[in-house]
Amino acid sequence: MKFLGQDVRVSLRLLRKSPAFTLAAIVTLALGIGANAVVFGVLNALILRPLNVPDPDSFYGIERLSDFTARQSYPDYLDMRDRNQSFDGLAAYTLSQAGLDVGNEPARVWVVEASGNYFDVIGIKPYLGRFFHDTDEHGPNSAPYLVLSYAYWKNHFKDDRSVVGRTVQLNKHPFTIIGVAPPEFHGTLLVFAPDVFLPMVNQEQVEGTSALNARGVPWVYMTMGHLKPGVTPAQAAADINSIWAYLLKTYPQDHAPMNFGMGRPALYGDAMGRPIKAFVTALMLLAGLILLAACANLGSLFAARASDRSREVALRLALGSSRKRILRQLFTEAMLISLMGGAVGLAGSIVILRMLKLWQPFPQFPLNIPVQPDVYVYGVALLLTIASGFLFGAVPVRQVLRTNSYEIVKSGASAASRRRFAMRDLLVVAQIGICAVLVTSSMVAVRGLVRSMHTNFGFEPQNAMLVDTNLSMAGYTGENVPAMQRRMIDAMETIPGVTSAGLINWPPLTGEAKDALVFREETSDLRPSNAVATAGIYNISPGYFQAAGTALLAGRALTWHDDVNSPQVAVVNREFGNRIFGSANNAVGRYFRTRDGIRVQVVGIVEDGKYAFLTEDQQPVMFRPLLQSGTSESWLVVRSNSQPQIMGAAIRSKLRELDAGLPSFTETWSQGMDLMMFPSRLAAVSLGVLGIMGAMLSITGIFGIAAYTVSKRRRELGIRIALGAQRRQVTQAALGRAIRVLAFGSGAGLLLGILASQVLSAIVYHASARDPLVLAGVVLAMSFLGLIGTWIPARRALSIDPLMLLRED
């Protein structure tokens, strides 16, 4: 401990004598360790940390292995619940929105419609009141009970404990608040924070329609439960598959062959879990590269610093000091820098993680990002700090061990520096290569995002407003729904500046996509296995295509005459025509059948587009008349030449005139696409930040080697200038090594970046590392970074005065 105290004091004194070096080292490490702490905090929250339920290791959800989704019908859920032998209990839930009126203006709330055994299966206790149970359910709409989330109770009821027992209006139906969920429980979908929980049997009152008895309608979002002791996930999957085989045999009209597996409910199984895990893991690897680049940078600086102190080391060795004592001093200095850099990086990461916890990028969706600094984040930051200190502190070890004190004292430091440039050069090449990987990945992501913003969506989001007005929230049912929808469209068309208005049950690329089985006209056996395709289905009003900017390629659009008393018709996209009829060119006038046997005639063809995801392949889609389908989900599409803020205010005013109790949400279509664009934007921002950090490290690395070369060759460069060397020759002599290191490292990094960036294509639409603009951008960026890094050393080399050098000698 005595020697350790001495080493610390000496190291602090040496670091104070080199403030520029110390500050650069601390900032470099803070960037690397801070980036890793932030990414690990997200990794820990979303992937490593178990769901906040009792016995989370045994908690599994059922998912389809064909598409990794978990949706199924309510009758199928009941069969799985009652017939399985693997779970202690199976609960189910789905997500929806409703209008909640607690005595003032109705507000939109996000609802978890849950099976009666939901809370019992999960195994949690209420914060206030009680939860609903199976015994509360006695058929459709028989359990009008609400459980508030803790956050909603705290924010909207101001901690009022007397709220239990109060009756409120949900979609104009009376519901009784019976309890409040515990503070730490936000449902079982990790990234989502619902406002209220209610029994699933009340679906009709919440959504305006009921599918409780529809075996062929998969609207249940997730089925989950705790495995019985001793039961493995594989055994549970086999059990569920045997139940499905029974259902397939018993109800062939409603089922298709399918395999099931077990997934974690926290991220909706593998549907969300796989891309999130892949992306966060990739970010963790890139953040690790940032730290490696930082360590390589500091390693080269420490090697140079040790070389500059070689005469001091030689004198200490000559005076009897041991090499072990000198190495301990160097490691102490490295660890002090590492600890200071780690402390700064951890402090910054804590601030960023707390900001992420409060981040709400989508006003319409209540996100829950449970990232917060905990003992694991602190532990990882400490381990990275210690490892980094040992890593870059070990670089000069070989120099110290090979030091010949007699030769250095006799000949000067230059005698010890002939063989040490190779290690520093290698470290800088590695650092620049890593940084080039980061720059390449960030440019791939940004370029993909820019291209995705200008792709053909099959509609034109610019100058279009979306208005979400689910009429069931205001109590509209039956014939009142289409009448109100017509009134809303007519009202929108009277607003000054509006060029067209239409209505759709759910707009493309806004987070929801419904599909239906399609059969050829001649098919009589309508079991799922005989379907020719699964097509997206949208219910629209006349005028929607014009309001959406969707091009009609053939036939006619839908009109108000296409109602329940008219023949069933549809407008389809080109892919639908090609898939169902062999060619879209002869699709107009032909027929197909839907799952319920209805014969539908194609009356028009529209352009293909993007519907559920930006990265999807071309999908067949049909647009059915609103009056022939009937839906309370009503998104108005309003196209205008006015400013969005002005148009939004005018739209809200018109809706209040029609019905002051109708909850609505207004946004531009571009904002409505934010959820689908979020992965691309998040990848671009995350990789952009890492790319900037890599660029900063590149500059410091190039500057370090160039400045060190100039400082060591000042005498040689002065002699060259005195002998009449041209400025170009002096610059080449001074910076040739730095430029070669930059070129070699950038080339290697670009190749690695191209390989590493292939994973982005699954997240960022149109992302390609082989894009000529990306390749040119990386070359220009690295050249620009090299120019910045060598600018000051180049000026210093050209400003050398040979006379001053002679006077110094």
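A quick note: this is a predicted structure, and the numbers were derived from the prediction, not measured. (Residues numbered from 1 in each chain as written. Predicted model: local features only at pLDDT ≥ 70, side-chain atom pairs only at ≥ 80, totals over all residues. Heavy atoms only, no water.)

### What about the packing of aromatic side chains?
Consideration 1: In the structure shown here, the tally under the stated rule is 30 aromatic pairs.
Consideration 2: Their ring planes at 65 degrees and their centres at 5.5 Å tell us that Phe 119 and Phe 197 sit as a pair that is edge-to-face. Here Phe 197 lies in strand E8 (residues 196-199) and Phe 119 lies in helix H4 (residues 118-122), a separation of 78 residues in the sequence.
Consideration 3: In this structure Phe 119 comes out as buried when scored by relative accessible area, which is 1%.
Consideration 4: Looking at Phe 197, the relative accessible area reads 0%, which means it is buried.
Consideration 5: An aromatic cluster is present here, built from Tyr 93, Tyr 118, Phe 119, Phe 131, Phe 132, Phe 185, Phe 197, Tyr 221 and Tyr 268 joined pairwise through their rings.
Consideration 6: Cation over ring: Arg 130 sits above Tyr 145, and NZ or CZ is 5.5 Å from the ring centre.
Consideration 7: Between Arg 215 and the ring centre of Tyr 251, over which it is positioned, the NZ or CZ distance is 3.8 Å. (Phe/Tyr/Trp six-rings, centres within 6.5 Å; stacked < 30°, edge-to-face > 60°. Helix = DSSP H or I, 4+ residues; strand = E, 2+ residues; numbered from the N terminus. Buried < 20%, exposed > 50% of the residue type's maximum accessible area, 1.4 Å probe, protein only. Lys NZ or Arg CZ within 6 Å of the ring centre and 35° of its normal.)

### Remarks on the pairing of strand E21 (residues 665-668)
Successive side chains on a regular strand alternate, one facing one side of the sheet and the next facing the other.
Consideration 1: Residues Phe 665 and Glu 667 point to one face of E21 and Thr 666 and Thr 668 to the other, with burial holding for every one of them.
Consideration 2: Note that strand E11 (residues 464-468) and E21 share four bridges and pair antiparallel. Bridge pairing in E21 places Asp 468 opposite Phe 665. (Pairing = 2+ DSSP bridges.)

### Quick notes on the packing of helix H15 (residues 480-493) against helix H19 (residues 644-658)
Consideration 1: Axis separation between H15 and H19 bottoms out at 10 Å; the angle between their running directions is 140 degrees. The orientation of H15 with respect to H19, classified from their angle, is oblique. Seen along the crossing, H15 lies across H19 with a hand that is right-handed. Residues Met 484, Arg 487, Met 488, Ala 491 and Met 492 of H15 lie in contact with H19, whose contacting residues are Ile 651, Lys 654, Leu 655 and Leu 658.
Consideration 2: For the contact of H15 with H19, the class distribution of residues is seven nonpolar, no polar and two charged. (Axes fitted to C-alpha atoms, helices over the stretch in contact; angles between N-to-C directions. Parallel < 35°, antiparallel > 145°, perpendicular 65-115°, else oblique. Left-handed = near helix turned anticlockwise from the far one by under 90°. Contact = heavy atoms within 4.5 Å. Nonpolar A, V, L, I, M, F, W, Y, C, P; charged D, E, K, R; others polar.)

### Points about helix H17 (residues 574-581)
Consideration 1: When we look at burial in H17, the residues that qualify are Glu 575, Phe 576, Gly 577, Ile 580 and Phe 581.
Consideration 2: The positive-phi residue at the C-terminal boundary of H17 is Gly 582, with phi of around 90 degrees.

### Examining H19
Consideration 1: Spanning 15 residues, H19 covers 21 Å between terminal C-alpha atoms, matching the ideal 21 Å at 1.5 Å per step.
Consideration 2: Within H19 the residues assigned to the buried category are Met 647, Gly 648, Ile 651 and Leu 655. Looking straight down H19, one finds its buried side chains confined to an arc of 100 degrees; they lie on one side. In H19, the exposed positions that point more than 90 degrees away from the buried face belong to Gln 645, Ile 646, Arg 656 and Glu 657. (Expected span 1.5 Å × (residues − 1). Arc of directions from axis to C-beta.)

### Some points on the pattern of salt bridges
Consideration 1: With the rule as written, the count across this model stands at 16 salt bridges.
Consideration 2: Among the salt bridges present, the one from Asp 79 reaches Arg 83, with a minimum N-O distance of 3.5 Å. Of this pair, Asp 79 and Arg 83 both sit in helix H3 (residues 74-83), separated by four residues, roughly a single helical turn.
Consideration 3: Accessibility expressed as a relative area gives 14% for Asp 79, which makes it buried. (Salt bridge = Lys/Arg side-chain N within 4 Å of Asp/Glu carboxyl O.)

### With respect to the confidence of the model for the protein chain
Consideration 1: Put simply, the protein chain has an average pLDDT of 84, and 87% of its residues get 70 or more.
Consideration 2: For the stretch residues 413-421, pLDDT sits under 50, and the model shows 14 contacts to residues farther than four places along the chain or on other chains. (pLDDT = per-residue confidence, 0-100.)

### Digging into the layout of surface pockets
Consideration 1: A volume near 770 Å³ is recorded for the second largest pocket.
Consideration 2: Taken together, 35 residues form the lining of the second largest pocket, with His 186, Ala 193, Pro 366, Leu 367 and Asn 368 sitting closest to its centre.
Consideration 3: Contributions of two or more residues to the lining of the second largest pocket are made by strand E3 (107-114) and helix H5 (150-156).
Consideration 4: Tallying contributions element by element places E3 first for the lining of the second largest pocket, with four residues.
Consideration 5: Looking at the lining of the second largest pocket residue by residue, the class counts come to 21 nonpolar, nine polar and five charged. (1 Å grid on protein atoms, 1.4 Å probe; cavity = no way out; pocket = protein on both sides within 12 Å on 5 of 7 lines; lining within 4 Å. Points joined across faces, edges and corners; volume = space filled by probe spheres on them.)

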